[in-house]
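As a plain string of letters, each chain reads:
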Amino acid sequence: MTELISEKLPTTRQNPFDPPAEVTRIREQARISRLRFADGHLGWLVTGHHQVREVLGSPKFTTDPAKHHQLDARFQGEAPEEGRKVEPGMFLSQDAPDHTRLRKMLQGQFTVRRMNQLSEWIGTIVDDQLKHLRSFEGRADLVKEFALPVPSLVICALLGVDYDERHRFQEDTAKMLSLESTFKEAMEAIRRIQDFMRELIERKKANPGGDDMISDLLATGEPTDEEASNMALLLLLAGHETTANMLGIGAFTLLQHPDQLKILRDEPEVVDNAVEELMRYLSIIHFGPVRTATEDVEIDGHLIKAGDTVLMHVPVANRDPEKFPGNPEELDLRRPAGGHVAFGHGIHQCLGQQLARIEMRIGFSRLFQEFPDLRLDIDPEEVPLRTDMGIYGVHSLPVAWSA
């Protein structure tokens, strides 16, 4: 069989809510194809939904950066200045059994039952932030005043982080996720966040018994201080950055699809599925994730050899008509959207996905109940998109309403 080879990963979006059209065309030709990375080495691009799930669910692929090819997809051919290794506690970059041990320490904190018990409290945070938004008397930046504060307030409270210290991690998170940052700049940003988390661990050890996830984790005596600080770092970053961007671009999407917004307002029972459909339709990871084969493995008739780099394109996979029939390129809040891979799949599936669902369910429904005439305050073409970031969304969303 003649293999399709892409000489570069297409990243230009023709529409703010759609993945690059060229990647969609690649999926239509072959759900697994060859991709030449920025440094010239030849790996794989996976765009089919079933094939992405197969890679993510297979123990024959690793997330360990020490086993990846020397260059990451995001650094545009720039060679890292230092050898990469997995730091203790960074379970997103670890395989079993280390990943299993670390994740097990946290799973009890994120059960569906425990997350559902937080719904009323999260609702209070959302309502308070909506009152804050109302104080702007007719116009505001929805990202700055609502989408970013809500998940930041939630995760800071759950972890026992002082919300007033958010400047210690939010600016560096942006630097770390920027596709325009050099490898050195991204690593320096991570180091600063790590320093902040180490200080936090030291304070909690000096004053044990706190009612938060980090204190509970430390009370078990299981993780080392370095493991605990890096585990907390991952929870902090994932807990505010991803949900904030879904709330921001999700609101933009609904404002641009008034028929779907009407469904959300008129049919409150659809809200759970609406969140799944928005996750499927938007899939805010810009491209990725990346895995490396640890042994030869055949997927969908293609032999992926040990050491091969595999980049999965989640936004395009979540619009695969083989999984989501009935024009998956369109937003349909009534579409059964279960089974998407926006939260990943396999052992690295998002630990906090239930928390994110609750924040989105409450956030979207109450935002549009409280502000029934919410509208964009600029032309849609002027909304600044996060095409320069690893996590997609909007940098800001100026909105207006009748004061």
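For the structure itself, look to the data block above.
In this convention, every chain numbers its residues from 1, walking through the sequence in written order. Side-chain atom pairs in this predicted model are given and counted only at pLDDT of 80 or more, local residue features only at pLDDT of at least 70, and totals for whole chains, interfaces and linings cover all residues. As a convention, hydrogens and water are excluded, and side-chain values are obtained from all of the structure's heavy atoms.

S.K.: Describe the pattern of salt bridges, listing the residues and the values that go with them.
M.R.: Only one rule defines a salt bridge in this text: a Lys or Arg side-chain nitrogen within 4 Å of an Asp or Glu carboxyl oxygen. Applying the stated criterion to the full structure yields 22 salt bridges. Between Arg31 and Glu322 there is a salt bridge; the shortest N-O distance is 3.6 Å. Of this pair, Arg31 sits in the loop between helix H1 (21-29) and strand E2 (32-36) while Glu322 sits in the loop between helix H14 (314-317) and helix H15 (353-370); the two residues are 291 residues apart in sequence, bridging distant segments of the chain. Burial status follows relative accessibility: with a 1.4 Å probe on protein chains alone, a residue under 20% of its type maximum counts as buried, one over 50% as exposed, and anything between as partly exposed. For Arg31, a relative accessible area of 18% corresponds to the buried category. Of the charged contacts, one joins Lys205 and Asp225 as a salt bridge, the two residues approaching to 3.0 Å between their closest N and O atoms. Of this pair, Lys205 sits in helix H9 (residues 183-206) while Asp225 sits in helix H11 (residues 225-255); the two residues are 20 residues apart in sequence, bridging distant segments of the chain. Residue class for Lys205 comes out partly exposed when judged on its relative accessible area of 45%. Owing to a relative accessible area of 39%, Asp225 belongs among the partly exposed residues under this scheme. What you see here is one network of salt bridges that share partners, running through Asp18, Arg319 and Glu329. Segments assigned H or I by DSSP are reported as helices when at least four residues long, segments assigned E as strands when at least two residues long, and all are numbered from the N terminus.

S.K.: Give me the lowdown on the layout of surface pockets, citing residues and values where you can.
M.R.: As defined here, a cavity is a set of points on a 1 Å grid over the protein atoms alone where a 1.4 Å probe fits but cannot get out. A pocket is an open set with protein on both sides within 12 Å along at least five of seven lines, and residues line them when an atom is within 4 Å of a point. Grid points are joined across faces, edges and corners, and a volume is the space filled by probe spheres set on the points. For the second largest pocket, the calculated volume is near 530 Å³. Looking at the second largest pocket, it is lined by 21 residues, and the ones nearest its centre are Val143, Lys144, Leu148, Gln170 and His395. Among the secondary structure elements, those contributing two or more residues to the lining of the second largest pocket are helix H5 (119-134), helix H6 (142-147), helix H8 (167-177) and H11. Residue contributions to the lining of the second largest pocket peak at five residues, all from H11. Throughout this entry, Asp, Glu, Lys and Arg are counted as charged residues, while Ala, Val, Leu, Ile, Met, Phe, Trp, Tyr, Cys and Pro are counted as nonpolar. The remaining residues, Gly among them, count as polar. Grouping the constituent residues of the lining of the second largest pocket by class yields eight nonpolar, seven polar and six charged.

S.K.: Which residues make up the packing of H5 against H15, and what values go with them?
M.R.: Interaxial angles span 0 to 180 degrees and are taken between N-to-C directions of axes, which are lines fitted to C-alpha atoms, for helices over the stretch in contact. The N-to-C vectors of H5 and H15 enclose an angle of 40°; their axes lie 10 Å apart at closest approach. If you check the angle between H5 and H15, you find them oblique. The hand of the H5/H15 crossing is right-handed. Between H5 and H15, the residues in contact are Ser119, Ile122, Gly123, Thr124, Val126, Asp127, Leu130, Leu133 and Arg134 and Leu355, Ile358, Glu359, Arg361, Ile362, Gly363, Arg366, Leu367 and Glu370, respectively. Partitioning the contact of H5 with H15 into residue classes produces eight nonpolar, four polar and six charged. Comment on the angle field: the value is read as roughly parallel under 35 degrees, roughly antiparallel over 145, roughly perpendicular from 65 to 115, and oblique elsewhere. Helix crossings are classified by the rotation of the near helix relative to the far one: an anticlockwise turn of less than a right angle makes the crossing left-handed, while a clockwise turn makes it right-handed. Any two residues whose heavy atoms approach within 4.5 Å at even a single point are treated as in contact.

S.K.: Account for the pairing of strand E6 (residues 290-293), with residues named and values stated.
M.R.: Pairing between strands is defined by DSSP: at least two bridges between the two strands are required. Bridge analysis of strand E4 (residues 61-62) against E6 gives two bridges, and the strand direction is antiparallel. By the bridge assignment, Phe61 is partnered in E6 with Ala293.

S.K.: I'd like a rundown of the sheet that holds strand E10 (residues 375-376), residues and numbers included.
M.R.: The three strands lie next to each other as E5-E11-E10, forming an open sheet whose pairing is antiparallel. Each edge of the sheet is formed by a strand with only one pairing partner; in this case those strands are strand E5 (139-141) and E10. Bridge analysis of E5 against strand E11 (residues 398-400) gives three bridges, and the strand direction is antiparallel. By the bridge assignment for E11, Arg139 is matched with Ala400.

S.K.: Quick one: what's the story with the environment of Gln354, residue by residue and with numbers?
M.R.: Among the structural elements, Gln354 can be located in helix H15. Among the residues examined, Gln354 registers a relative accessible area of 24% and is labelled partly exposed. Sequence separation of Gln354 and Thr242 is 112 residues, and the distance between their C-alpha atoms is 13 Å. When residues no more than four places from it in sequence are discounted, the contact partners of Gln354 are Val112 and Met115.

S.K.: Provide a residue-level description of the environment of Phe110, including the pertinent values.
M.R.: Take Phe110: it is sitting in the loop between helix H3 (98-107) and helix H4 (112-117). In sequence terms Phe110 and Met213 are 103 residues apart; their C-alpha atoms lie 9.9 Å from each other. Residue contacts for Phe110: discarding those within four places in its chain leaves Met115, Met213, Leu235, Leu351, Gly352 and Leu355.

S.K.: Break down the sheet that holds E2 for me, citing the residues and quoting the values.
M.R.: Read from one edge to the other, the open sheet built from six strands follows the order E1-E2-E3-E9-E6-E4, with strand pairing classed as mixed. The open sheet has two edge strands, strand E1 (5-6) and E4, and neither has a second partner. Here strand E3 (residues 42-46) pairs with strand E9 (residues 309-312) via three bridges, running parallel. Bridge assignment links Trp44 to a residue of E9, and that residue is Val310. Helix-sheet contacts for helix H2 (residues 49-57) involve E2, E3, E4, E6 and E9, and the interaxial angle to E9 is about 130°.

S.K.: Talk me through the side chain of Ser152; I want residue IDs and the actual numbers.
M.R.: Position of Ser152 relative to the elements: it lies in helix H7 (residues 149-159). If we skip the residues at most four places from it in the chain, Ser152 touches Tyr163, Gln170 and His240.

So far we have only geometry, and geometry alone does not tell us how the molecule works.
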